Amino acid sequence: MPAVTADTLTLPRIAIPDPAVAHPRPVRSVTTAPAGFEGEGFPVRRAFAGVPVAALDPFVHMDQMGEVEYAPGEPKGTPWHPHRGFETVTYIIDGVFEHNDSHGGGGTITDGDTQWMTAGSGILHIEKPPEHLVVSGGLFHGIQLWVNLPRDSKFATPRYQDIRGGQARLLSSSDGGALLRVIAGDIDGHAGPGSTYTPITMIHATISPGARLELPWRNDFNSLAYVLAGNGTAGVDGRPIRKGQLALFGDGDTITLGAGTSQPLAEPNLEVLLLGGRPIREPVVQYGPFVMNTREEVVRAFEDYQAGRFGVIPAEHLPHTN
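The rules behind these values
Every residue gets a number counted from 1 within its own chain, in the order that chain's sequence is written. pLDDT decides what is reported in this predicted model: residues at 70 or higher carry local features, side-chain atom pairs at 80 or more are listed and counted, and totals for whole chains, interfaces and linings draw on all residues regardless. Hydrogen atoms and water are omitted, and side-chain values are computed over all heavy atoms in the structure. Numbering goes from the N terminus for both helices and strands, where a helix is a DSSP run of H or I of at least four residues and a strand is a run of E of at least two. Exposure categories follow from relative accessible area, calculated using a 1.4 Å probe and restricted to protein chains: below 20% of the type maximum is buried, above 50% is exposed, and the middle band is partly exposed. Here is the rule: rings of Phe, Tyr and Trp (six-membered ring for Trp) pair when centre to centre is within 6.5 Å. Planes less than 30 degrees apart are stacked, more than 60 are edge-to-face, and the remainder are tilted.

*Asks:* Please set out unusual backbone geometry residue by residue, giving values where relevant.
*Replies:* Each neighbour pair has its own omega, and for Asp57 with Pro58 the value is 20°, a cis peptide bond. One can find Pro58 in the loop between helix H1 (53-56) and strand E4 (59-70). For Asp188, which is not glycine, the phi torsion reads 55° and is therefore positive. Relative to the helices and strands, Asp188 resides in the loop between strand E15 (186-187) and strand E16 (190-191). Among the residues examined, Asp188 registers a relative accessible area of 40% and is labelled partly exposed. In this structure, Arg281 takes a positive phi of about 60° despite not being glycine.

What follows is the structure, encoded as structure tokens:
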């Protein structure tokens, strides 16, 4: 798993929360992501399936893309498509992905990089593997997360953030047994590079076999832990979790994760994506690529898209004609 790595012995360490005053979050549920396909046919796991919308708030949707070893000619992406009313966060662990949009944003991301696109008032974009990867094939593994926007930011001007893996804030657990990559938000006073409309925290944690990770967590945020690889436990009561499962935590101000002492040969550590955010607590009406507050706003989004108000596909990305 080539996402950014580092020697935890050289990194700032997160102190163990004081047990005398800490309120550990219990595990409310563990759900297993069903498999499906997205875009032109690349495999995904629907990470939030079976979890109540209110418990996810401010998050809307998340796919684990891959992990898949493509043969030559097999890599796939998405065609040009619209979005309005939320932000898409694409985090690549293995492989390469390209993004282009109708507001001039774009770039290539690879091991540990993140593309953060605020769709806001409306945007067209495309995500696909570069041509050389289509030709050669190779490993592909990543995450796409949808973060809701509050009502007063639904029509914000679209923007694009290109966050290199080296920009993530790297931290260590108190005993050096876990590496934390803070992509957005703040943990124990250490902030990640992502700029967000909705206050959230997004961390990729790698926990060594047998190690335990205890973190302070804002009590006004929800708390989710999605297992990217390996197996272990969640919560102080040691609820078993494994690859493709999502642990939803209840109220409190600390979270606990532990890696199993025995891990699969191809997945030597417990890899977890930690998510938390301050709930928006507004109505959510999602239909396809639009996340709005009312049905009427979704209808308007379709009308605006069909009228060409989301911008145009840049000329250099139009299909070539003879």
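Back to the write-up after that little detour.
*Asks:* Requested: an account of the packing of aromatic side chains, with residues and values cited.
*Replies:* According to the stated counting rule, one finds six aromatic pairs in the structure shown. With 4.4 Å between their ring centres and 35° between their planes, Phe86 and Trp146 make a pair best called tilted. Here Phe86 is found in strand E6 (residues 86-94), whereas its partner Trp146 is found in strand E11 (residues 138-148), with 60 residues between them in sequence. Each member of the pair Phe86 and Trp146 is classed as buried. Ring geometry for Phe290 against Phe302: centres 4.9 Å apart, planes inclined by 85°, an arrangement best described as edge-to-face. One end of the pair, Phe290, is in strand E26 (residues 290-292); the other, Phe302, is in helix H3 (residues 295-306), and 12 residues separate them in sequence. When its relative accessible area of 1% is taken as the criterion, Phe290 is described as buried. Connected via pairs of aromatic rings, a cluster forms that spans Tyr287, Phe290, Phe302, Tyr305 and Phe310.

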